[in-house]
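Fold and geometry: a report
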Amino acid sequence: MSILGNIQRIVRFKIISQSNIRVDHLNVGIPLSAKLKTDNSSFIEFKDYFNVGRYSTILALLNSNIKIGKDFHLGDFSIIHCVDAAIIIGDNCMIGPQAQLISTNHDYLSKNTLIRDQGMGGISKKGINIGNDCWIGGGACILPGVNLGDGVVVGAMAVVTKDVAPYSVVAGNPAKVIKVRE
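I will try to describe carefully the structure that is included in this document. Quick caveat, the model's predicted, so the values are computed rather than measured. (Residues numbered from 1 in each chain as written. Predicted model: local features only at pLDDT ≥ 70, side-chain atom pairs only at ≥ 80, totals over all residues. Heavy atoms only, no water.)

Observations regarding unusual backbone geometry
- With an omega dihedral of -5°, the bond running from Asn173 to Pro174 counts as a cis peptide bond.
- On the secondary structure map, Pro174 appears in the loop between strand 20 (168-171) and strand 21 (176-180).
- Located in the positive-phi region is Asp133, a residue other than glycine, with phi close to 55°. (Helix = DSSP H or I, 4+ residues; strand = E, 2+ residues; numbered from the N terminus.)

What follows is the structure in structure tokens.
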């Protein structure tokens, strides 16, 4: 495909940004229905080839950084939500449809204050790190503070609340190691 064709593929999706979306290479695939959003203090950075599924959202707000390695695939209806933290995804990672990576959670400890008024991040502003060559199955949820080692496989619908060692396969809610890749 020509350079112009690649540029047309980039500009045909919704970007709500202050020029804080960085693409190192023009070999991309993003449908019109996908949404990438940043504010003045945040950025989203893609390396080389990436493919974002239909109706997916990548959001970076309030001093957030999302860095995504080369050969990345995000399934349809998936969400990468980063507020006042960082999400780093290694090279050659695949994330299935309807998966969620959530870097921050609402504070909720005070019973005398409405949860919505307690803010976000105080107890759970930890970000997410995903190693190289990981596969996150459809409907899986990766919660704040989780580190996935290289080669991790996360089963469909799993809820990952703790770090996962390299080459482990996890499943369930909460996710537990069910085998180790050899």
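Now that the structure is up, let's keep going.
Topic: the nonpolar core
- Counting residues in hydrophobic clusters, the biggest one holds 35 residues, and the most contacted among them are Ile58, Ile89, Leu101, Ile136, Leu148 and Val154.
- Mapped by element, the contributors of at least two residues to this core are strand 5 (43-46), strand 6 (50-52), strand 7 (57-61), strand 8 (65-68), strand 9 (72-74), strand 10 (79-83), strand 11 (86-89) and strand 14 (128-130).
- With sequence-adjacent residues up to four places away left out, Ile89 is seen in contact with Lys67, Ile68, Gly69, Phe72, Ile80, Ile95, Leu101 and Ile130. (Core = buried A, V, L, I, M, F, W, Y, C linked by side-chain atoms within 4.5 Å. Buried < 20%, exposed > 50% of the residue type's maximum accessible area, 1.4 Å probe, protein only. Contact = heavy atoms within 4.5 Å.)

What about the side chain of Ser56?
- Relative to the assigned elements, Ser56 resides in the loop between strand 6 and strand 7.
- Reaching out from Ser56, the side chain makes a polar contact with the backbone oxygen of Gly53 at a distance of 3.2 Å.
- In this structure, Ser56 is in contact with Ser33, Ala34, Lys35, Leu74, Gly75, Asp76, Phe77 and Ser78, ignoring residues within four places of it in sequence. (Polar contact = N/O pair within 3.5 Å; in protein donor to acceptor, adjacent residues only side chain to side chain.)

Things to note about the state of the cysteines
- Across all of its chains, the model carries 0 disulfides by this definition.
- Note on Cys93: no disulfide assigned, nearest cysteine sulfur contributed by Cys134 at a separation of 4.7 Å. (Disulfide = S-S within 2.5 Å.)

Concerning the pairing of strand 7
- When strand 4 (residues 35-38) meets strand 7, the two strands line up parallel, connected through 4 bridges. The residue of strand 7 that forms the bridge with Lys37 is Leu59.
- Here strand 7 runs beside strand 10; their pairing, made up of 5 bridges, is parallel. Within the sheet, the bridge partner assigned to Ile58 lies in strand 10 and is Ile80. (Pairing = 2+ DSSP bridges.)

Focus: the environment of Cys82
- Summarising the element assignment, Cys82 is placed in strand 10.
- Here the alpha-carbon distance between Cys82 and Pro144, two residues 62 residues apart in the chain, equals 9.4 Å.
- If we ignore the near neighbours within four places in the chain, the residues touching Cys82 are Leu59, Ala60, Leu61, Ser64, Asn65, Ile66, Ile87 and Ser103.

Quick notes on the packing of aromatic side chains
- Counting across every chain of the model gives 2 aromatic pairs.
- Consider the rings of Phe46 and Phe50, whose centres lie 3.8 Å apart with planes at 15°: the pair is stacked. Side by side, Phe46 and Phe50 carry an identical accessibility label, which is buried.
- With a centroid separation of 5.2 Å and 15° between ring planes, the pair formed by Tyr55 and Phe77 is classed as stacked. Taken together, the residues Tyr55 in the loop between strand 6 and strand 7 and Phe77 in the loop between strand 9 and strand 10 connect sequence positions 22 residues apart. (Phe/Tyr/Trp six-rings, centres within 6.5 Å; stacked < 30°, edge-to-face > 60°.)

Structural notes on a nonpolar patch on the surface
- Among the surface-exposed residues, Tyr108, Leu109 and Ile115 lie close enough to one another that they form a single nonpolar patch of about 350 Å² accessible area.
- Looking at the secondary structure, you find Ile115 in the loop between strand 13 (100-102) and strand 14.
- When its relative accessible area of 48% is taken as the criterion, Ile115 is described as partly exposed. (Patch = residues over 30% accessible without salt bridge, like charges linked within 9 Å, V, L, I, M, F, W, Y side chains within 5 Å. Areas by Shrake-Rupley, 256 points an atom, 1.4 Å probe, with all protein chains shown as cover. Salt bridge = Lys/Arg side-chain N within 4 Å of Asp/Glu carboxyl O.)

Quick word on the pattern of salt bridges
- All told, the structure shown has 3 salt bridges when counted by the stated rule.
- A salt bridge links Arg54 to Asp76, with the nearest nitrogen and oxygen atoms 2.9 Å apart. With a gap of 22 residues between them, Arg54 in the loop between strand 6 and strand 7 and Asp76 in the loop between strand 9 and strand 10 connect regions that are remote in the sequence.

A word on the pairing of strand 10
- In this structure, strand 10 lies alongside strand 13, joined through 3 bridges in parallel fashion. Note on strand 13: the bridge partner recorded for Ile79 is Gln100.

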